[in-house]
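# Survey of secondary and tertiary structure
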Amino acid sequence: MAANWLPPVSLTASGRPVFLPGEVERCLLPAVDLESENPGLAPFHSGLLVLTSHRLLWIDEQSAAGFAAPLAAVVHAYPPKKSIRSMFASPRIRVQVSVSPDGRIAEDGVRSEVITVVMRGKNDPDAFYCRLLEVLRSRQWEAAAVAEHRNTDSGIAEPPMAAAARVRMPVVGVSGILRKEQELWESTDKSLQEAFQDLNALMSKAKDMVQLAEKMRLKLLSSSSASGNADDEEMGSKQEMQDWLLSVGIVSPVTKESAGALYHQQLSRELADFVKLPLERAGGMIALVDVYCLFNRARGTALISPDDLLQACTLWEKFDVPVMLRKFDSGVMVIQSKARRDEEVFARIASLAQKPDALRTGISPSDAALTLGIAPALAKEHLLTAESKGLLCRDVSPDGFRFFINLFTEIDPIDIYMIKNNGPAHVWSSALSLSG
């Protein structure tokens, strides 16, 4: 019943909201209730509130359900009340929104309702209210109007009469010294603004390029589904283009400024969504250091530290995500898909090690990497794990590591010279006899 007055929102596999083109995350608040002054509308209890540049999202992380209120439907936002009673109650912010005839919050509503944002956790209502006002005043959902407004603002120059009216006063007494200090500060501030102007422009263009890449990728996806008769070469080139565009960047990366205390939790969910495609291309397993490089490249200017990445990966144990962090006995840390089972990997390694050539010369990490479709360093970790399980034996030489199928399990303690007819030892003996 609660979903009747708020439109639903799509969520990713890790529980992150699916953002609209150009939508940017601005603030996150945990343990928030949404209530309506209309008693016929059921409230939302204890969810994650996400304020973006376009919408106000409420997500129930337990049931993986989300709902959204477009900011274009907000008529007015009331500041939190300051009273003795409010000091002992949960902070509340009332928002007046327009409602459509069917009772849903919409931009073209025919009447208005008041919904209340109740903050149950340790949140700062004043900071959230200021951020909400900032987003409402920016009206970023009106992209064309905002862009034109920005261009107009950037073209405003100081009137010549105002510049001519400035008269440089002589430095006399204490007031002259203070005036000189003020001019020095203004000059320094102007120099800093000019120095960072190019950097800000570059960051702004980088965000625009990320949004353009996302639009092109969605267009390629829609065209691929519409034209099903394309040849394999054309489909392959489109898939390669989609993968390249996906690696260009993340449209709305999680930052400490927007997420606050929920930074690592939301970063963990965002990372789980991001690594799905690299894992598919890497055979279901990828080194943590490679993920760090790929993820930071996709985040653009919002870089994260190695500690943040590691902490985000360790939080996957608390969430229902299809990926996991794994640490081998040697200390190598990788990210792998939960669908990837060691038993399947060991079976493929055993099949490779029992081939005639492998029985004579053994297999190397490079051979296993080609079979498993992963990096040689990770293939070596799998071989060492298989050795610890008693599946393989290792031979260390100046040429490196060579692994052989374990034939000691085929030896009969009663007759150690007897070779079973249908076993790896028989195949090994036959391969040696054929090699002379």
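Throughout what follows, the structure given in this document is the object of discussion. Keep in mind it's a predicted model, so treat the numbers as computed, not measured.

Rules behind the numbers
Residues numbered from 1 in each chain as written. Predicted model: local features only at pLDDT ≥ 70, side-chain atom pairs only at ≥ 80, totals over all residues. Heavy atoms only, no water. Pairing = 2+ DSSP bridges. Helix = DSSP H or I, 4+ residues; strand = E, 2+ residues; numbered from the N terminus. Axes fitted to C-alpha atoms, helices over the stretch in contact; angles between N-to-C directions. Expected span 1.5 Å × (residues − 1). Buried < 20%, exposed > 50% of the residue type's maximum accessible area, 1.4 Å probe, protein only.

For the rest of this paragraph, the subject is the sheet that holds strand β2 (residues 44-52). Pairing between sheet strands relies on hydrogen bonds along the backbone, with the strands arranged either parallel or antiparallel. The strand order β4-β3-β2-β1-β7-β6-β5 describes an open sheet built from seven strands, whose pairing is antiparallel. Of all strands in the sheet, those with a lone pairing partner are β4 (65-70) and β5 (74-77), marking the two edges. Between one strand axis and the next, the sheet turns through 35 degrees on average, direction left out of account. Pairing geometry for strand β1 (residues 25-36) and β2, over six bridges, is antiparallel. Counterpart to Val32 in the pairing with β2 is Gly47.

Quick reminder: α-helices carry 3.6 residues per turn. Residues three or four places apart thus point the same way. For helix α7 (residues 263-274), which comprises 12 residues, the first-to-last C-alpha distance of 16 Å matches the rise-based estimate of 16 Å (1.5 Å per residue) to within 8%. For α7, the tally of buried residues reaches 10 of 12 residues, placing the bulk of the element in the interior. Looking only at α7, the buried set comprises Tyr263, His264, Gln266, Leu267, Ser268, Arg269, Glu270, Leu271, Ala272 and Phe274.

This part is about the environment of Gln62. Positionally, Gln62 belongs in the loop between β3 (55-60) and β4. C-alpha separation for the pair Gln62 and Gly15, spaced 47 residues apart in sequence, amounts to 9.5 Å.

What follows is about the sheet that holds strand β9 (residues 323-327). The strand order across the open sheet built from three strands is β8-β10-β9, with neighbouring strands paired in antiparallel fashion. Looking at the sheet topology across the chains shown, the edges are occupied by β8 (285-287) and β9. Averaged over all pairs of adjacent strands, the angle between their axes in this sheet comes to 25 degrees, without regard to strand direction. Here β8 runs beside strand β10 (residues 333-337); their pairing, made up of three bridges, is antiparallel. For Ile286, the partnering residue across the bridge sits in β10 and is Ile335.

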